[in-house]
Protein chains: 2
Amino acid sequence: MMPSTDRSLPIALLRARERVMGPIRALLSGAGLTEQQWRVLRVVQESGPIDPTQIADKACLLLPSLTRILQKLEEKQLISRERDQQDRRRQVVQISAAGEKIIADNLEASLELMERTRRKMGAERYEALLDLLNELDQIDLAE
Amino acid sequence: MMPSTDRSLPIALLRARERVMGPIRALLSGAGLTEQQWRVLRVVQESGPIDPTQIADKACLLLPSLTRILQKLEEKQLISRERDQQDRRRQVVQISAAGEKIIADNLEASLELMERTRRKMGAERYEALLDLLNELDQIDLAE
DNA sequence: ACATTTTGCTAAACATGTTAAGTAATTCAG
DNA sequence: CTGAATTACTTAACATGTTTAGCAAAATGT
């Protein structure tokens, strides 16, 4: 049944996200990671050495949240951090071998979950949805 | 500039939601309400007397979050609660006069913000996006 | 060079998200 | 009719979201 709030864009975005993330969360909890920790780990792995501000941008996190997440990931020894020598306000974050292993152990299953969603929805509609979402993200800025 | 994570559906959903909610949050903070408190208040106002389980469903909240939010709204005297006489596990939640006033004071501006988004995106694409999001919410269930 | 502003991050406080456990009222099986 | 599920919340614990404030390093203006 469709809830009566289904024509509210904010709630539709929320519901859709819950639907997509549910299975992914279940997968990651087996690896002892939250959804956000996983997102950060993937960004660091894909980009190589990178500073927190850029991680926050790519992973869509606010810096205060990211600060705590990086502390957790460092405790778990999945990443390492050092000060940037050129600009000592900055840090350089790198993934560790253990971090790489967690990615290797879970990436395929995670991609398969998204691929399944794409198949069930139909590739065309899935791409159309991504395009509309990106468009929405770009539009609102002016006025 | 488009972030490199823009073809990831979970992150695209997150970014789109942030874009839409930013201005609404700004509006509501003027009324001393969070986005979730506002959502609950609107559901209660629209539906009339209603129990927490249904509120959670309509507002897309988990019950533990809702429990705390209802406590806050009750402290602020924007809602009232009583036990259901037929089934004493249940509660019946109602909006108060003060709650109605907050809605009256902010509903128009809130709707205008969404209408602006709709105009900027184009009504057709906006509706197409809502349809795709609702479709995504319905699909994943089986298999 | 020096005071001011800006940048990059951290800390703190409060609210919510998420999962697991707990409680009381109701329903259900036998 | 009674003990075992089930239902409708609530509590607790930990992680993140959000805003505001703080701090140190770097850039900027004069």
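Since the model is a prediction, treat every value here as computed from it, not as a measurement. Within each chain, residue numbers correspond to sequence positions counted from 1 in written order. In the order they appear in the text, chains get letters beginning with A and ligands get numbers beginning with 1. Given that the model is predicted, a residue must reach a pLDDT of at least 70 before its local features are reported, and side-chain atom pairs must reach 80 or more before they are shown or counted; all residues, however, enter totals for whole chains, interfaces and linings. For side-chain calculations, the full set of non-hydrogen atoms in the structure is used, while hydrogens and water are omitted.

Peer 1: Help me understand the interface of chain A and chain B, please; the structure alone is not making it clear to me.
Peer 2: It is common to give the size of an interface as the accessible area lost on bringing the parts into contact. Only heavy atoms enter the contact rule, under which two residues are in contact if any of them lie within 4.5 Å. Taken together, the contact pairs 48 residues of chain A with 48 residues of chain B. Accessible area that two parts lose when put together, evaluated with a 1.4 Å probe and summed over both, is termed the buried area. Together, the buried faces of chain A and chain B total about 5,300 Å²; carbon and sulfur atoms form 62% of this surface. Of all residues in chain A, Arg7, Arg19 and Lys120 of chain A give up the largest surface area on contact with chain B, accounting jointly for 12% of the area buried on that side. What makes a salt bridge here is a side-chain nitrogen of Lys or Arg within 4 Å of a carboxyl oxygen of Asp or Glu, nothing more. Along the contact surface separating chain A from chain B lie eight salt bridges. Of the charged contacts in the structure, one is a salt bridge between glutamate 127 of chain B and arginine 7 of chain A, with a shortest N-O distance of 2.5 Å. Each polar contact in these results corresponds to two N or O atoms within 3.5 Å; when the atoms are within protein, one needs to be able to donate a hydrogen and the other to accept it, and residues that are neighboring in sequence are counted only if both atoms are side-chain atoms. Where chain A meets chain B, there are 14 residue pairs in polar contact (both at pLDDT 80 or more). Those elements that place two or more of their residues in the side of chain A that touches chain B are α1 (9–29), α3 (52–59), α5 (97–121) and α6 (123–139) of chain A. Runs of H or I in DSSP of at least four residues are treated as helices and runs of E of at least two as strands, each being numbered from the N terminus. Element by element, the count of residues in the side of chain A that touches chain B is highest for α6 of chain A, at 15 residues.

Peer 1: Where do I start with the protein's contact with DNA strand C in this structure?
Peer 2: Whether a residue is near a molecule or strand depends on its heavy atoms: it is near if one of them lies within 4 Å of it. Around DNA strand C lies a shell of 27 residues, among which Arg25, Thr53, Arg90 and Gln91 of chain A together with Arg68 of chain B are the nearest. Counting only atoms of DNA strand C within 4 Å of the protein, the sugar-phosphate share comes to 69%. Measuring from a phosphate oxygen of DNA strand C, one finds a side-chain N or O atom of serine 65 of chain B at 2.9 Å. In the model, a phosphate oxygen of DNA strand C is placed 3.0 Å from a nitrogen or oxygen of the arginine 88 of chain B main chain. When residues of the surface near DNA strand C are traced back to their parent elements, those giving at least two are α1, α3 and α4 (63–75) of chain A together with α2 (35–47) and α4 (63–75) of chain B. Split into classes, the residues belonging to the surface near DNA strand C amount to six nonpolar, nine polar and twelve charged. Residues are sorted three ways: Asp, Glu, Lys and Arg are charged, Ala, Val, Leu, Ile, Met, Phe, Trp, Tyr, Cys and Pro are nonpolar, and all the rest, Gly among them, are polar.

Without other data, these values stay purely geometric and don't point to any function.
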